[in-house]
Amino acid sequence: MMTAVVALGCQTSTPPRASAPRSRSSMEAARHRMVESAIRGAGVTDEAVLRSMRTTERHEFVPDELRDRAYVDAGLPIGEGQTISSPFIVAYMTQALEPRATDRVLEIGTGSGYQAAVLSPLVQDVYSIEIVEPLGKRAAEVLGRLGYDNVHTKVGDGYLGWEEHAPFDKIVVTCSPENVPAPLVEQLAEGGMVVIPVGERHQQVLFRMVKKDGALVATPLRPTLFVPMTGAAEERRRVLPDAARPALLNPDFEDGVDETLNLRGWYYQRRMRLVESADAPSGQRYVEFSSDAPGQPAHAMQALAIDGREVSRLDFRAMMASTGAREGAHREEVPTAGLTFYDGDRVPLDTVTLGPMLGTNDWQERVRHHIHVPTEAREAIVRIGLFGATGTVSFDDVQLFPVDAAGRLLPGFRD
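Given the structure is predicted, the values throughout are model-derived calculations rather than measurements.

### A short note on the overall build of the chain
In terms of helices and strands, the chain carries 7 helices and 20 strands. Since a compact globule built from 415 residues should have a radius of gyration of about 22 Å, the 21 Å found for the chain is in line with a globular shape. If you line up the chain on its principal axes, its C-alpha atoms span 60 × 45 × 45 Å. Taken over 415 residues, the chain has a buried fraction of 58%. In the chain, once contacts between residues fewer than 6 apart in sequence are set aside, the share between residues at least 24 apart is 68%. Working note: accessible area of the chain is about 16,900 Å², and carbon and sulfur atoms make up 48% of it.

### Details of empty space enclosed by the protein
Counted by the stated rule, this structure contains 1 cavity of 30 Å³ or more. As for the largest cavity, its lining consists of 28 residues, of which Gly109, Thr110, Gly111, Glu130 and Thr174 are closest to the centre. Listing elements by their share of the lining of the largest cavity, those giving two or more residues are strand 3 (82–84), helix 3 (87–96), strand 4 (104–108), helix 4 (114–119) and strand 5 (125–130). When its residues are assigned to classes, the lining of the largest cavity shows 13 nonpolar, 12 polar and 3 charged.

### What to know about the pairing of strand 6 (residues 151–155)
As paired elements, strand 5 and strand 6 share 5 bridges and run parallel to each other. The residue bridging Val126 from the neighbouring strand is Val151, located in strand 6.

### Let's talk about the side chain of Thr56
With respect to the helices and strands, Thr56 occurs in the loop between helix 2 (47–55) and strand 2 (76–79). On the basis of relative accessible area, Thr56 is assigned to the buried category, the value being 2%. A polar atom in the side chain of Thr56 sits 2.7 Å from the backbone oxygen of Ser52. Beyond its immediate sequence surroundings of up to four residues, Thr56 is in contact with Arg31, Phe61, Tyr71, Tyr114, Ala117, Val118 and Tyr148.

### As for helix 3
Of all 10 residues making up helix 3, 10 are buried, and the element is well covered by its neighbours. Turning to helix 3, its buried residues are Pro87, Phe88, Ile89, Val90, Ala91, Tyr92, Met93, Thr94, Gln95 and Ala96. Directly after helix 3, the chain includes Glu98, whose backbone phi takes a positive value near 50°.

Reading guide: rules and limits
- As a convention, each chain's residues are numbered from 1 in the sequence order in which they are written.
- Two thresholds apply to this predicted model, a pLDDT of at least 70 for residue-level local features and 80 or more for giving and counting side-chain atom pairs, whereas whole-chain, interface and lining totals are computed over all residues.
- For side-chain calculations, the full set of non-hydrogen atoms in the structure is used, while hydrogens and water are omitted.
- Segments assigned H or I by DSSP are reported as helices when at least four residues long, segments assigned E as strands when at least two residues long, and all are numbered from the N terminus.
- Radius of gyration here is computed from C-alpha atoms only, and the compact-globule reference equals 2.2 Å multiplied by the residue count raised to the power 0.38.
- To sort residues, take the accessible area from a 1.4 Å probe on protein chains only and compare it with the maximum for the residue type: under 20% means buried, over 50% means exposed, and anything in between is partly exposed.
- Any pair of residues with heavy atoms lying within 4.5 Å of one another is described as a contacting pair.
- Surface exposure here means Shrake-Rupley accessible area, sampled with a 1.4 Å probe, where a residue is shielded only by the protein chains that are shown.
- With a 1 Å grid laid over protein atoms only, a set of points is called a cavity when a 1.4 Å probe fits there but cannot get out and a pocket when it is open yet has protein on both sides within 12 Å along at least five of seven lines; lining residues have an atom within 4 Å of a point.
- Grid points are joined across faces, edges and corners, and a volume is the space filled by probe spheres set on the points.
- Asp, Glu, Lys and Arg are counted as charged, while Ala, Val, Leu, Ile, Met, Phe, Trp, Tyr, Cys and Pro are counted as nonpolar; the rest, among them Gly, fall into the polar class.
- Any two strands with at least two DSSP bridges between them are considered paired.
- Under the rule applied, a polar contact is a pair of N or O atoms within 3.5 Å (in protein, one hydrogen donor and one hydrogen acceptor; residues adjacent in sequence only if both atoms are side-chain atoms).

Dropping the structure here:
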C-alpha cells in the first residue's frame with residue numbers, strides 16, 4: 001500500500017490551561033519560552049519581530065483574571081465580544097507586513113493594543129483605530145502608560161481608515177471584512193502593503209496585498225479566524241452564517257488543501273499532515289498529528305455558528321487512531337477531539353471531548369450523544385489534535401449531528 005503525505009501549514013489554537021506566572025521574572029521566562037516554542041518554532045524567522053515579541057509584555061494587554069494565560073499561545077477574550085489575537089498570529093502578521101523603521105502603519109482594530117505595541121519598535125508610527133469605544137479608551141490608556149509614544153489611537157469605524165494621516169506605507173487589519181474596504185485601498189501608498197483576513201464569518205483567508213497601479217495584488221497566506229469587522233463593513237456583508245444549521249466543512253478531509261497548501265475548511269493547523277491512504281475510514285484521506293516534545297502545539301480547529309435557541313442538542317462523532325500517544329507535561333495534555341460552545345460575547349460556556357486516545361490504537365469511532373447546546377450559545381469551535389501530548393494521533397470523518405427542540409435530526413444531515 002502506498003501512502004502519500006502532504007505537509008500543511010501551522011498556526012495556533014487554544015491549548016490547555018497553564019499554571020500562573022505572576023512575578024516579573026516568571027512572566028519574562030514564560031514569554032521567552034512562548035517565543036521559542038510557539039513562534040520561532042512555528043516558522044517566524046524575522047529576528048526583529050522575534051525580539052519585539054520577547055520584549056512586549058502581553059500580560060499588560062489582557063484582563064487581570066486571564067494573566068495566567070498571557071503567555072499561552074491562544075486568543076483570549078478582552079470584553080465587548082472581542083479577543084486579543086494569539087501571539088503566533090500577531091508575530092506572523094507582523095513578519096508578513098515586512099516592517100521598516102521608516103514605515104507609517106495604519107492598524108484597523110486596536111483591540112487590546114497588543115498588535116500596535118509589537119509594531120511600535122519596528123516602525124516610525126502606528127495609527128490605530130478601534131470601533132468599540134471602551135476598548136479603544138482602555139488600549140490608549142495602557143499604551144500611554146507603557147510609553148508607546150509613536151502609537152496614535154482613536155475611536156472610530158476602521159472601514160473609513162484615517163484619511164488625515166494618509167497615505168500609509170503599510171496597513172494591518174486585525175478583524176475580518178468580507179471584502180477589502182475601498183477607503184483602505186485609497187489610503188495605502190502606491191507600492192504599499194496590507195495584511196488582512198478576508199472572507200465569510202467563519203471561513204477566512206489571511207492575505208498580503210501590494211498596491212500596484214492603484215489596485216491590490218493579493219497573495220493568500222493561510223486560513224485563519226478573526227472577529228468580524230463591524231460598522232460599515234458588517235452592513236455590507238452578503239454571506240451570513242446559518243446558526244440554525246451548524247455544519248463542519250470538509251469533515252472527512254476529502255476536499256484536500258487550498259491554494260495556501262492548508263487543509264480546506266480548517267485553520268490554526270500545527271504539525272499536521274494530510275495522508276492519502278486506502279486505509280482511511282472515510283474516503284481516501286485522513287489527518288495525522290505528530291509530536292515528540294511534551295507541550296508542543298499539534299492541532300487544527302474550525303469554528304461555526306450555532307444558535308442554542310434553535311438547536312437543542314448535538315451528537316459529536318469522530319474516527320480516531322493513535323500510535324505511541326502519551327500525556328504531555330500536564331494531565332490535561334492528551335489527544336482528543338473537542339467541542340466548545342461560546343456565547344455572543346465569545347465567552348466559553350461548555351466543552352465536551354472525544355477521547356483521550358492514548359497508547360496505540362487502530363481506528364475507532366468515538367461518540368458523544370445528546371450533547372446539550374446551551375441556550376446562550378452563538379458559536380462553537382471544534383478542535384482536533386494532540387494538545388501537548390506526544391506520539392501520533394489520526395482523525396477522520398469528524399461530524400456534528402444537530403437536533404432541533406423537538407428531538408429531530410435537522411433535514412440534510414445524515415445519521
